[in-house]
Amino acid sequence: MSCYIIEGGNRLSGEVQISGAKNAVLPILAASAAQNESTITNVPFLSDVSNTLEILEKLGIKITTENNTVTTLGNINNTVLDKDLSQKMRSSILFLGVLLGKYGEVTIYEPGGCQLGDRPIDIHIWAMEQLGAKIEKYDDKIICKGKLKGKEITLPIVSVGVTENIILAAINAKGTTIINNPAKEPEIDDLINYLNKCGNKIYYNKNSIVICENNKSHYCEYSIMPDRIEAATYIAMAASTGGELFINNVNIDHISTINEIFEKMGCIIKTDINKIYVDAPTKLYSIPEITTNPYPGFPTDMQPQIMSVLAKTEGISIIKETLFSARNKHIPELNKMGANINKKSDCLFEICGVKSLKGSTLYSKDLRGGAALITAALGAEGESTIYGVEHIIRGYEAICTKIGNIGGKIKLIK
């Protein structure tokens, strides 16, 4: 098994460049399957991106890559997703809307990704049925067919993936589709901006998203937005090590809620147009309560990383997780390092700050939990070994190189 070896106790200092957003590039790459030709820049090369590109190629899309630029040339000759590839990541579900809307049929499989609790795809299927699809299920295989028609759909819960899937299906549906109670994450805006640049007409109307019928598309060149979760993770790493970082290529509006939390912990944070400066003290303050919520609330994708920093604060902090019932697998690993974190329930955690953490042998069970373990290990005393590398490389481009460039001691052992 591959692992990271981290020598803790080194103060991070210097500049780090943030990559394109994982949660934006995956739906945009999926969307490219229904477009004629696109050149997509600022693409982060992650394992999930590689898997998505392989799915596209197996569908018939011609892919060319150069540095962080991907060009896709649409020529679909297959609407059946590769089972092994689609079961490696959650975002493969987005091909449901793309292919069903464009070609009237698709065969998908239950998607994979991080195991964060109950994450059924029933609401995705329900949304396609609202647009007129007929669905047949055979164990983990799902066959969808139908000519879609625009409709007003009110989501029973706020869901990023379902919002994106409806958009991707509705651009090729007959008539106008309206999504009420949609998710409003910046990554959804990025998808809408890409699709509009391809010739579609999608816009917000108060608390709804309106998708107009469009049967034409044209060449589009588009740059992926910066990854707000990666940027916030490096702030957490600076906080964990008492570091000082300049973080470049950031949309500061996207992480204002996160910055406020770190400032309350005692960090000095200054922002420019697309840069963040963070100077972390050696002693941090606890936070009475943090509750994860859909954007613009505190993101669930930063819950594990903030917990790893709070583990070394003075006082007691409470975290309420409202989105994923199993986003807690990092807790026993942090406690191995000497943290004092009590799981009051699957979604309520009490963090009693300790003076220091000690290096240990740790196991990453999911992407953001793995980032939390790296964050903790960088600020711990002694050496840590972190297994579960395959989870972490799904969402952080060149993480060893970036950490090494700012003074962290980390190496990948294959």
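Residues numbered from 1 in each chain as written. Predicted model: local features only at pLDDT ≥ 70, side-chain atom pairs only at ≥ 80, totals over all residues. Heavy atoms only, no water.

Peer 1: What exactly am I supposed to notice about the overall build of the protein here?
Peer 2: Scanning the protein from terminus to terminus reveals 14 helices and 23 strands. Compactness check: the protein gives a C-alpha radius of gyration of 21 Å against a globular reference of 22 Å for 414 residues, within 12% of the reference. Each principal axis of the C-alpha atoms in the protein carries an extent, and together these give about 60 × 45 × 40 Å. Of the roughly 16,400 Å² of accessible surface on the protein, a fraction of 47% belongs to carbon and sulfur atoms. A gap of 2 Å separates the mean positions of the 43 positive and 45 negative side-chain charges of the protein. (Helix = DSSP H or I, 4+ residues; strand = E, 2+ residues; numbered from the N terminus. Rg over C-alpha atoms; globule rule 2.2 N^0.38 Å. Areas by Shrake-Rupley, 256 points an atom, 1.4 Å probe, with all protein chains shown as cover. Lys, Arg positive; Asp, Glu negative; His and termini not counted. Charge placed at Lys NZ, Arg CZ, Asp CG, Glu CD.)

Peer 1: Sorry if this is basic, but what is going on with helix α12 (residues 367–378) here?
Peer 2: For an α-helix the count is 3.6 residues per turn, leaving residues at separations of three or four pointing the same way. In a regular helix each residue adds 1.5 Å, so 12 residues correspond to 16 Å; α12 covers 17 Å between its end C-alpha atoms and thus fits that length. Of all 12 residues in α12, 12 are buried, a share of seventy percent or more. If you check which residues of α12 are buried, you get L367, R368, G369, G370, A371, A372, L373, I374, T375, A376, A377 and L378. (Expected span 1.5 Å × (residues − 1). Buried < 20%, exposed > 50% of the residue type's maximum accessible area, 1.4 Å probe, protein only.)

Peer 1: Sorry if this is basic, but what is going on with the state of the cysteines here?
Peer 2: Think of a disulfide as a covalent bridge from one cysteine sulfur atom to another cysteine sulfur atom. Counting across every chain of the model gives 0 disulfides. Lacking any disulfide linkage, C352 is separated from the closest cysteine sulfur, that of C347, by 19 Å. Judged by relative accessible area, which is 15%, C352 ranks as buried. (Disulfide = S-S within 2.5 Å.)

Peer 1: Would you mind showing me how to read the pairing of strand β11 (residues 202–205) here?
Peer 2: Across a regular strand the side chains alternate sides, sitting on one face of the sheet and then on the other. Pairing between β11 and strand β12 (residues 208–211): 4 bridges, direction antiparallel. Bridging across to β12, Y203 finds its partner in V210. Connecting the antiparallel pair β11 and β12 is a turn made up of 2 residues, with K206 showing a positive phi of about 60°. (Pairing = 2+ DSSP bridges.)

Peer 1: I tried to follow the sheet that holds strand β10 (residues 177–180) on my own but got confused; where do I start?
Peer 2: In sheet architecture, strand pairing relies on hydrogen bonds along the backbone and comes in two forms, parallel and antiparallel. Read across the sheet, 4 strands follow the order β9-β10-β12-β11 without closing on themselves; strand pairing throughout is mixed. Each edge of the open sheet is held by one strand with a lone partner, namely β9 (152–154) and β11. Averaged over all pairs of adjacent strands, the angle between their axes in this sheet comes to 20°, without regard to strand direction. Sheet contacts for helix α6 (residues 160–170): β9, β10, β11 and β12; angle to β10, the most-contacted strand, approximately 175°. (Axes fitted to C-alpha atoms, helices over the stretch in contact; angles between N-to-C directions. Contact = heavy atoms within 4.5 Å.)

Peer 1: How should I be thinking about unusual backbone geometry in this particular structure?
Peer 2: As a rule of thumb, non-glycine residues mostly have phi less than zero, and peptide bonds are mostly trans rather than cis. Here the residue pair Y295 and P296 is connected by a cis peptide bond, since its omega of 15° sits within 30 degrees of zero. Relative to the assigned elements, P296 resides in the loop between β17 (290–291) and α10 (303–310). In this structure, N181 is a non-glycine residue whose phi angle is positive, near 60°. Summarising the element assignment, N181 is placed in the loop between β10 and α7 (186–197).

Peer 1: I'm lost on the nonpolar core in this one. Help?
Peer 2: A general trend in soluble globular proteins is that nonpolar side chains are found buried together. Judged by nonpolar contacts, the single largest core of 70 residues is most densely connected at F95, L99, M128, I167 and L195. When sequence neighbours within four positions are dropped, the list of residues in contact with I167 reads I179, I188, I192, L195, I202, I209 and I211. (Core = buried A, V, L, I, M, F, W, Y, C linked by side-chain atoms within 4.5 Å.)

Peer 1: Quick question: what am I supposed to make of the layout of surface pockets here?
Peer 2: Using a probe with the size of a water molecule, rolled over the atoms, empty space left in the structure can be pinpointed. By volume, the second largest pocket amounts to about 440 Å³. Residue lining of the second largest pocket: 21 residues in total, with T282, K283, K312, K355 and S356 positioned closest to the centre. In terms of residues, the lining of the second largest pocket owes the most to one element, helix α8 (residues 228–241), which gives 3 residues. Across the lining of the second largest pocket, the residue classes tally to 6 nonpolar, 9 polar and 6 charged. (1 Å grid on protein atoms, 1.4 Å probe; cavity = no way out; pocket = protein on both sides within 12 Å on 5 of 7 lines; lining within 4 Å. Points joined across faces, edges and corners; volume = space filled by probe spheres on them. Nonpolar A, V, L, I, M, F, W, Y, C, P; charged D, E, K, R; others polar.)

Peer 1: What exactly am I supposed to notice about the sheet that holds strand β23 (residues 409–413) here?
Peer 2: Spatially, 4 strands are ordered β21-β22-β1-β23 in an open sheet, and the strand pairing comes out mixed. Looking at the sheet topology across the chains shown, the edges are occupied by β21 (361–363) and β23. Put simply, the sheet's adjacent strands are angled 20° from each other on average, direction ignored. Bridge analysis of strand β1 (residues 3–7) against strand β22 (residues 383–387) gives 5 bridges, and the strand direction is antiparallel. Counted as the bridge partner of C3 is Y387 from β22.

Peer 1: Any chance you could explain the packing of aromatic side chains here in plain terms?
Peer 2: Each aromatic ring pair is described using two quantities: the centre-to-centre distance and the angle formed by the ring planes. Inspection of every chain in the model, using the stated rule, returns 3 aromatic pairs. Measuring from centroid to centroid gives 6.0 Å for Y194 and Y222, while their planes differ by 70°, and the two rings are edge-to-face. Taken as a pair, Y194 in helix α7 and Y222 in strand β13 (residues 220–223) lie far apart in primary sequence, 28 residues in all. Y222 gets classed as buried once you look at its relative accessible area, which sits at 10%. Each ring, one from Y363 and one from Y387, has its centre 5.3 Å from the other, and the planes form 20°; the classification is stacked. A residue pair is termed long-range when its members are at least 10 positions apart, and Y363 in strand β21 and Y387 in strand β22 qualify at 24 residues. The class for Y363 is partly exposed, based on a relative accessible area of 36%. (Phe/Tyr/Trp six-rings, centres within 6.5 Å; stacked < 30°, edge-to-face > 60°.)

Peer 1: Would you explain the pattern of salt bridges in this entry?
Peer 2: One side chain can pair with another of opposite charge once the charged atoms of both are near each other. Enumeration over the complete set of coordinates arrives at 14 salt bridges. Between E314 and K283 there is a salt bridge, and its shortest N-O distance comes to 3.9 Å. In this pair, E314 sits in the loop between α10 and β18 (316–320) while K283 sits in the loop between β16 (275–279) and β17, placing the two residues 31 residues apart along the sequence. The class for K283 is exposed, based on a relative accessible area of 57%. Connected via shared salt-bridge partners are K22, D48 and R394. (Salt bridge = Lys/Arg side-chain N within 4 Å of Asp/Glu carboxyl O.)

Peer 1: Honestly, the packing of helix α1 (residues 22–31) against helix α2 (residues 47–59) in this entry has me stumped. Any pointers?
Peer 2: How two helices sit against one another is set out by the angle between their axes and by the gap between those axes. Two numbers describe how α1 lies on α2: the axes approach to 10 Å, and their chain directions differ by 0°. Between α1 and α2, the interaxial angle falls into the category roughly parallel. Taking contact as the criterion, the partners of K22, V25, L26 and L29 in α1 are, on α2, D48, V49, T52, L53 and L56. Among the residues making up the contact of α1 with α2, the classes are represented as 6 nonpolar, 1 polar and 2 charged. (Parallel < 35°, antiparallel > 145°, perpendicular 65-115°, else oblique.)

Just geometry here; none of it tells us what the structure is for.
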